[in-house]
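Close look at the chain arrangement
Chain by chain, the residues run as shown.
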Amino acid sequence: MALRATLTLLLESVLWACADAPPPTTPKPAVPEPSVNPAPALLPQTIWTPLFNGTNLSDWATWLPSHGTGSDPEGYFQVENGALHVLNVPVTGKEREFGYLATTAQHSDYRLRLQYRWGEKTFAPRAGQPRDAGVLYHVTGPDGIWPSAVEFQVMEGHTGDLWALNGTNLSTTTSPGSDGDPKYDPFGEPLTTAFPAESYKRLQRALDVPENDGGWNDLEMVVSGDEAVQIVDGQVTARVTGLRAPDGSPLTSGRIALQAEGAEVYYRNIDLRPLAYTPPPDGAAVLLDPGASDPDAWQSRAGGLADWPVQGGVMTVNSTAVPGDAASSNDIHSAQDFGDMHLHVEFKVPVTPDGLPEQERGNSGVFLQGRYEVQILDSFGQALEGHDDVGAIYGQADATSNEALPAGTWQTYDVQFRTARWSEGQKTEDARATVYLNGERVQDDVPMPASTLLGAPEADSDGPVVLQDHGSAMQFRNIWVAPLDGGS
């Protein structure tokens with residue numbers, strides 16, 4: 001591990017050695033106006049909260065075609081030993097109607113995780129067929145079989161498929177599937193659906209993930225605005241954007257539901273965690289706001305307005321980086337300099353092919369005062385080592401845990417930064433940082449004894465926020481700086 005870190009640092013120093021000069025001194029555009037948007041208190045730490053308490057069905061409501069909302073006389077949905085037991089009812093010759101158990105509240109911008117395992121029973125009209133269920137999200141409109149929603153398919157041989165239900169539409173990339181339905185392929189052809197109401201369409205999962213037959217299986221979804229990623233046992237099986245309700249409006253929130261679809265199934269550990277998309281508080285310096293159409297708070301390395309394109313508040317790296325030529329990288333820096341600060345940055349790492357070297361998977365970074373890099377990388381599902389994965393203080397400290405979300409998902413950094421202290425030209429205290437990645441603290445008041453690789457030299461002065469161009473098509477949004485509580 002030490003050898004890997006040393007080799008990584010030596011390689012980067014050769015490729016990018018010339019980039020450690022501070023940003024040039026140039027006339028700066030006007031400092032951005034402070035935000036006047038009302039916002040809650042700064043809460044960079046988010047937590048997993050049980051959506052199902054394991055004791056009763058409070059905050060949930062059943063729906064069955066023959067009984068409507070809140071009436072389940074045959075006990076389709078039961079709580080048993082801390083788990084939700086679906087269709088623990090006698091097998092008879094008659095058909096068992098389909099239905100669901102839905103949250104009473106709507107949810108948006110969240111991670112949802114749960115475990116499921118199959119029971120033994122199947123019921124007509126699906127008796128003897130592969131066991132079938134599902135998790136619905138963004139449930140909107142009237143109840144029915146099935147409501148307008150997106151389905152995370154739970155089915156023998158197909159768990160991880162995605163269904164657009166009852167006129168729901170989406171955009172994704174696909175290749176031809178095995179049975180006529182498109183298959184999610186991150187590097188396939190673009191597809192935007194235009195299904196009418198009462199239509200249902202399947203997106204096959206990207207890869208087969210074997211089930212733990214008879215045991216518990218892990219599901220997770222990341223629902224971010226009108227985008228979603230579905231994950232089975234740690235593997236991304238589907239990724240969609242541009243979710244649309246039947247009327248064409250963006251689909252960004254809705255109820256969550258668990259299906260009863262002719263098979264006995266158990267669910268447990270159903271937890272929800274909000275994504276840390278925090279709006280700027282009063283008095284914050286907003287460096288990129290949701291309505292931005294140009295990078296007017298940012299400068300290029302050569303001086304003048306940065307040339308990274310901005311559309312709808314999203315800024316994309318305009319990369320000119322050539323491996324081995326550090327001067328070619330098109331880093332940008334904030335027009336305003338900062339000392340102690342709370343920095344919030346939202347970023348999206350591009351999806352890259354399997355097999356690429358680690359440092360070519362969505363590489364970028366956020367430099368505090370242009371000196372200390374907090375690394376950005378696609379580290380989802382990877383072991384953390386070498387001080388160069390997401391959440392690391394580059395070359396100095398690994399993140400304490402891997403809190404990365406899948407590539408193609410909006411992720412967040414909240415950094416509480418305390419600048420180095422100086423007296424008569426001598427540093428008396430190291431700079432320190434507490435870093436939250438996607439709402440989880442991954443660096444806890446960590447000292448930074450020197451600038452990181454490629455950072456500007458330490459000095460008794462404030463400095464800008466620098467966003468790094470390292471050859472990846474990174475995207476950024478909602479960037480702001482607020483005073484650090486307790487700063488001096």
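Just above, that's the structure.
Now for a description of the structure that goes with this document. This structure is a prediction, so every number in the text was calculated from the model and none was measured.

Observations concerning unusual backbone geometry
Each neighbour pair has its own omega, and for Ala124 with Pro125 the value is 15°, a cis peptide bond. Of the consecutive residues Ile145 and Trp146, the connecting peptide bond is found in the cis state with omega at 0°. At Asp59, a position not held by glycine, the phi torsion is positive, near 75°. Looking at the element boundaries, Asp59 is found in the loop between strand E1 (49-50) and strand E2 (60-64). At Asp445, a position not held by glycine, the phi torsion is positive, near 50°. Among the structural elements, Asp445 can be located in strand E32 (residues 440-448).

What to know about the nonpolar core
With 47 residues, the main nonpolar core has Leu112, Val135, Tyr137 and Tyr267 as its most contacted residues. Those residues in contact with Leu112 that lie beyond four places of it in its chain are Trp48, Leu51, Val135, Leu219, Glu220, Met221, Ile256, Ile270, Asp271 and Leu272. By size, the runner-up hydrophobic cluster in this structure holds 46 residues, among which are Trp298, Ala306, Val390 and Val415.

What to know about the sheet that holds strand E14 (residues 201-203)
Strand order in the open sheet made by the eight strands is E3-E2-E6-E18-E8-E9-E10-E14, with antiparallel pairing throughout. Looking along the sheet, the strands with just one partner apiece sit at the ends: strand E3 (68-69) and E14.

Structural notes on the environment of Gln411
Relative to the helices and strands, Gln411 is located in strand E28 (residues 410-418). C-alpha separation for the pair Gln411 and Ala276, spaced 135 residues apart in sequence, amounts to 8.0 Å. If sequence neighbours within four positions are ignored, Gln411 has contacts with Val345, Glu346, Phe347, Val349, Ala404, Leu405, Pro406, Leu437 and Asn438. One polar contact links the side chain of Gln411 to the main-chain amide nitrogen of Leu405, over a distance of 3.0 Å. Reaching out from Gln411, the side chain makes a polar contact with the side chain of Asn438 at a distance of 3.0 Å.

Regarding the side chain of Thr409
Mapped onto the elements, Thr409 comes out in the loop between strand E27 (372-376) and E28. We classify Thr409 as buried; its relative accessible area is 3%. Looking at Thr409, its side chain comes within polar contact range of the main-chain oxygen of Pro406, at 3.1 Å. Once you skip the residues sitting within four places of it in the chain, Thr409 turns out to touch Val222, Val229, Phe347 and Lys348.

A word on the pairing of strand E24 (residues 332-338)
The buried fraction of E24 amounts to six of the seven residues, a majority that puts the element mostly inside the structure. In terms of strand pairing, strand E21 (residues 298-300) meets E24 through three bridges, oriented antiparallel. In the strand pairing of E24, Trp298 is matched with Ser334. Pairing of E24 with strand E33 (residues 463-467), which is carried by four bridges, proceeds in the antiparallel orientation. By the bridge assignment for E33, Ile332 is matched with Leu467.

Cut-off values and rules
Residues numbered from 1 in each chain as written. Predicted model: local features only at pLDDT ≥ 70, side-chain atom pairs only at ≥ 80, totals over all residues. Heavy atoms only, no water. Helix = DSSP H or I, 4+ residues; strand = E, 2+ residues; numbered from the N terminus. Core = buried A, V, L, I, M, F, W, Y, C linked by side-chain atoms within 4.5 Å. Buried < 20%, exposed > 50% of the residue type's maximum accessible area, 1.4 Å probe, protein only. Contact = heavy atoms within 4.5 Å. Pairing = 2+ DSSP bridges. Polar contact = N/O pair within 3.5 Å; in protein donor to acceptor, adjacent residues only side chain to side chain.

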